[in-house]
Amino acid sequence: MTRHETFAPRSIHEKELVLATDLDGTLLGGSDLARSQFYRWTEAQRDRIGLSFVPGRDPELICDLTNFTDVPTPDYVVGDVGSTIARMQADHTLAPIAALEEEIAAAWRDAGPKVREALDGHPGLTLQPTAFRYRVSYDLDPETFDDSAVGKMEAMGLDTITSDNRFFDVLPKGVSKGPSLMRLLDHLGIDRKRELAAGDTLNDLSMLQVGVPAVAVGGSEPALIEAVKGLPHIHIAEGVGVSGIAEASAHLNLLPGK
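Residues numbered from 1 in each chain as written. Predicted model: local features only at pLDDT ≥ 70, side-chain atom pairs only at ≥ 80, totals over all residues. Heavy atoms only, no water.

1. A closer look at the sheet that holds strand β7 (residues 136-140)
On the basis of which strands lie adjacent, the open sheet formed by four strands has the order β6-β7-β9-β8 and antiparallel pairing. Because the sheet does not close on itself, it has two edges, and the strands there are β6 (125-127) and β8 (158-163). In this sheet, neighbouring strand axes are inclined to one another by 30° on average, regardless of whether the strands run parallel or antiparallel. With three bridges joining them, β6 and β7 adopt antiparallel strand pairing. Looking across to β7, one finds that leucine 125 is bridged to leucine 140. Contacts from helix α4 (residues 98-108) reach β7, β8 and β9 (167-172) within the one sheet, and its direction differs from that of β9 by about 100°. Strand contacts of helix α6 (residues 148-155): β6, β8 and β9, with the helix running at about 155° to β8, the strand carrying the most contacts. (Pairing = 2+ DSSP bridges. Helix = DSSP H or I, 4+ residues; strand = E, 2+ residues; numbered from the N terminus. Axes fitted to C-alpha atoms, helices over the stretch in contact; angles between N-to-C directions. Contact = heavy atoms within 4.5 Å.)

If you want it as structure tokens, here you go:
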């Protein structure tokens with residue numbers, strides 16, 4: 001049995017800390033040594049720590065990441081910028097939680113083809129090739145981007161998120177990382193005071209703003225820092241990536257004794 005196939009016996013709602021973390025720049029951020037130490041520490045504490053990934057990445061990339069690297073395997077995934085809510089299975093595939101995704105699908109209304117048609121050739125946007133289920137994503141060129149794309153999508157009853165000044169996501173109305181994470185926490189019966197949300201770009205903003213203990217890790221997008229500055233439940237870390245997560249856990253005293 002491999003390390004990734006060993007799961008803690010306690011249910012996630014019984015654990016002392018549940019980490020909900022973005023990937024790029026957050027759980028995948030920091031030095032090689034810091035990441036290696038943090039991953040080993042997390043695995044050693046899995047009887048106390050639950051883990052949810054809340055990335056912009058698509059499910060296939062998440063499954064490959066946990067299957068073929070030393071990144072800890074999550075219990076749950078809120079992926080696709082909040083448009084996927086799923087349980088990670090032992091074979092490193094994701095099982096969408098239908099009861100939580102019904103509202104997302106209804107809000108999306110199979111809008112993908114209409115979005116792609118409306119934004120075809122739009123200045124500064126290049127369609128990403130992945131066929132997401134409930135979102136459409138673009139690479140953004142900040143020098144040529146025409147922000148009228150936001151208004152076009154609002155007129156269609158859809159939301160948009162621009163992050164890291166290089167990504168543009170079109171999502172169902174009211175769907176993003178924060179609301180989807182809250183759906184998952186409530187579904188699992190997790191005490192929100194035992195949650196730690198971690199991120200580094202504007203597509204993490206809704207997750208950091210929902211009111212659970214949170215951290216903007218070192219190296220975060222300046223616009224994110226500006227947006228969360230002064231919020232009492234958010235720790236703005238100096239440590240980059242995983243070092244910032246560990247710093248916040250200690251600062252907020254979320255895992256006493258460790």
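2. Description of the packing of helix α2 (residues 32-44) against helix α10 (residues 242-251)
Close contact between α2 and α10 brings their axes to 9 Å; oriented N to C, the two are set at 50°. Comparing the axis directions of α2 and α10 gives the class oblique. Counted together, Ala34, Arg35, Phe38 and Tyr39 of α2 and Val242, Ser243, Ile245 and Ala246 of α10 form the full contact between these two elements. Partitioning the contact of α2 with α10 into residue classes produces six nonpolar, one polar and one charged. (Parallel < 35°, antiparallel > 145°, perpendicular 65-115°, else oblique. Nonpolar A, V, L, I, M, F, W, Y, C, P; charged D, E, K, R; others polar.)

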